[in-house]
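So the chains spell out like this:
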Amino acid sequence: MKLWALPVLWACAEAILESNASDPRLFFVQAMWRHGDRSPQSTFPADPIKAEMWPYGLGRLSPRGMEQGMRLGARLRERYVETGFLSSEYEPSELYVMSSSFDRTISAAYSVLVGLYSQNSSRVIPHSGPGDAIRWPTNYVPIPVRTMEDARDHDKC
């Protein structure tokens, strides 16, 4: 993982403490980060690596970028779950995730959430009936990632 991702996160994290100076208590955190490694958004005519050579397409989060997100999620887990600020399993009232509407940023958000909550989840997604062929990933609980329509999103990347 590139080290720049963590300083950006911590530089943009906003923590609000209660004003009791003798026993300060964290009650709100806002964290922002940039997506991880991705393929280029375009190529040039003489580029020896053509657009079709990128396995996930142009402008997409790479497997390395997904791994970077998972590692970042694990760091967030250490900082906020293992210290007791967030519950050990996803609680909708504790976490709100928003992303721009680009595939790479949505994929990055899901990668961070996998690192944050998937390792130790004891929740089981039930099968709907006998013979159900659903193969749900072990310890994965889907967490919503909200997006904003392009017309309202002023942060084009």
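Residues numbered from 1 in each chain as written. Predicted model: local features only at pLDDT ≥ 70, side-chain atom pairs only at ≥ 80, totals over all residues. Heavy atoms only, no water.

As annotated in an unreviewed UniProt entry, the chain is acid phosphatase from Mesorhabditis spiculigera. Quoted straight from UniProt, the Sequence similarities (unreviewed entry) entry for the chain says "Belongs to the histidine acid phosphatase family." The record in UniProt for the chain states the following under Catalytic activity (unreviewed entry): "a phosphate monoester + H2O = an alcohol + phosphate". (UniProt positions renumbered as here; feature names shortened; annotations may be inferred.)

A.B. asks: Before we go on, may I ask you to explain the side chain of Ser100 in this structure?
C.D. replies: Within the secondary structure, Ser100 is located in the loop between strand 3 (98-99) and helix 3 (103-118). Within the local environment of Ser100, its side chain forms a polar contact with the side chain of Thr105, the two groups lying 2.9 Å apart. (Helix = DSSP H or I, 4+ residues; strand = E, 2+ residues; numbered from the N terminus. Polar contact = N/O pair within 3.5 Å; in protein donor to acceptor, adjacent residues only side chain to side chain.)

A.B. asks: Is there a simple way to think about the environment of Gly59 in this case?
C.D. replies: Along the chain, the position of Gly59 falls in the loop between strand 2 (26-30) and helix 2 (63-81). For the pair formed by Gly59 and Gln41, sequence separation is 18 residues and the distance between their alpha carbons is 4.2 Å. Those residues within four positions of Gly59 in sequence are excluded, and the remaining contacts are Ser39, Pro40, Gln41 and Arg104. (Contact = heavy atoms within 4.5 Å.)

A.B. asks: Help me out: how do you make sense of the nonpolar core in this one?
C.D. replies: What tends to happen in soluble globular proteins is that the nonpolar side chains get buried as a cluster. Counting 15 residues, the largest nonpolar core has Leu76, Leu95, Val97, Leu113, Leu116, Tyr117 and Ile143 as its most contacted members. Listing elements by their share of this core, those giving two or more residues are helix 2 and helix 3. Considering every element that reaches this core, the biggest residue donor is helix 3, with 5 residues. (Core = buried A, V, L, I, M, F, W, Y, C linked by side-chain atoms within 4.5 Å. Buried < 20%, exposed > 50% of the residue type's maximum accessible area, 1.4 Å probe, protein only.)

A.B. asks: Explanation requested: the pattern of salt bridges in the structure shown.
C.D. replies: Note on pairing: side chains with opposite charge can pair once their charged atoms come close. Taken as a whole, this structure holds 3 salt bridges when the rule is applied. Of the charged contacts in the structure, one is a salt bridge between Arg64 and Asp37, with a shortest N-O distance of 3.2 Å. Here Arg64, found in helix 2, pairs with Asp37, found in the loop between strand 2 and helix 2; they are 27 residues apart in sequence, far enough to count as distant. The exposure class of Arg64 is partly exposed, given its relative accessible area of 46%. A salt bridge links Glu67 to Arg71; its shortest N-O distance comes to 2.6 Å. Of the two residues, Glu67 and Arg71 are both situated in helix 2; the distance of 4 residues between them amounts to about one turn of the helix. Owing to a relative accessible area of 42%, Arg71 belongs among the partly exposed residues under this scheme. (Salt bridge = Lys/Arg side-chain N within 4 Å of Asp/Glu carboxyl O.)

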